[in-house]
Amino acid sequence: MDTQVDIANRLVRFIDNLPNEGGSTLVILKGHLLLEEIITEILKVKLKDNPLNLKVSDKWMYAKKLEMFWALVQGEFDGKFWGALKEINTIRNKMAHALEPNGIDERIQNFIDSFKDHPLYIASKHDSLNLQYSIACLYILLNSYLNRIKKI
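Residues numbered from 1 in each chain as written. Predicted model: local features only at pLDDT ≥ 70, side-chain atom pairs only at ≥ 80, totals over all residues. Heavy atoms only, no water.

(A) Here's a closer look at the environment of Ala71. Within the secondary structure, Ala71 is located in helix H3 (residues 62-73). Taking the relative accessible area as the measure of exposure, Ala71 reaches 47% and is therefore partly exposed. (Helix = DSSP H or I, 4+ residues; strand = E, 2+ residues; numbered from the N terminus. Buried < 20%, exposed > 50% of the residue type's maximum accessible area, 1.4 Å probe, protein only.)

Okay, here's the thing in structure tokens:
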């Protein structure tokens, strides 16, 4: 079971590693890695002591981890949450495979807009921070979920 210090340490690590400068490419790449890291940790907890002896492999790509995560917890999160986790992967892949990906600014804005009615999301008066706040929303939800399942 995580202590409050463990939970706080994960959040501090998130804040320390998610840049607030350097443009949307760096924010997406780092945010994607941080989200993948916590999804991996959740999968390890969920798959611990499973009867099929399934293990999370370091070779699994984000999309495969997300599919397994969805299969294990699909009823516990709403559709916008899943859409956002998939969309950040799509954005990241487009950025990683093209120097100037078409439509990326619109995709990022749609990603941000998907959080506007979420209770955790607080829009910044600085538009440049809204991407970070959107990724932070996902991370906080995942961190809270990880804390709940570790208590079981």
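Back to the text.
(B) Region of the structure containing the pattern of salt bridges. Following the criterion strictly, the structure yields 7 salt bridges and no others. Across the salt bridge formed by Arg10 and Glu41, the nearest N and O atoms sit 3.7 Å from each other. Residue Arg10 is found in helix H1 (residues 4-17), and its partner Glu41 is found in helix H2 (residues 23-47); the two are separated by 31 residues along the sequence. The partner of Lys65 in a salt bridge is Glu36, with the nearest N and O atoms 3.2 Å apart. Linking Lys65 in helix H3 with Glu36 in helix H2, this pair joins segments that are 29 residues apart in sequence. Like Glu36, Lys65 is buried. When salt bridges with common partners are traced through the structure, they connect Arg10, Glu41 and Lys150 into a single cluster. (Salt bridge = Lys/Arg side-chain N within 4 Å of Asp/Glu carboxyl O.)

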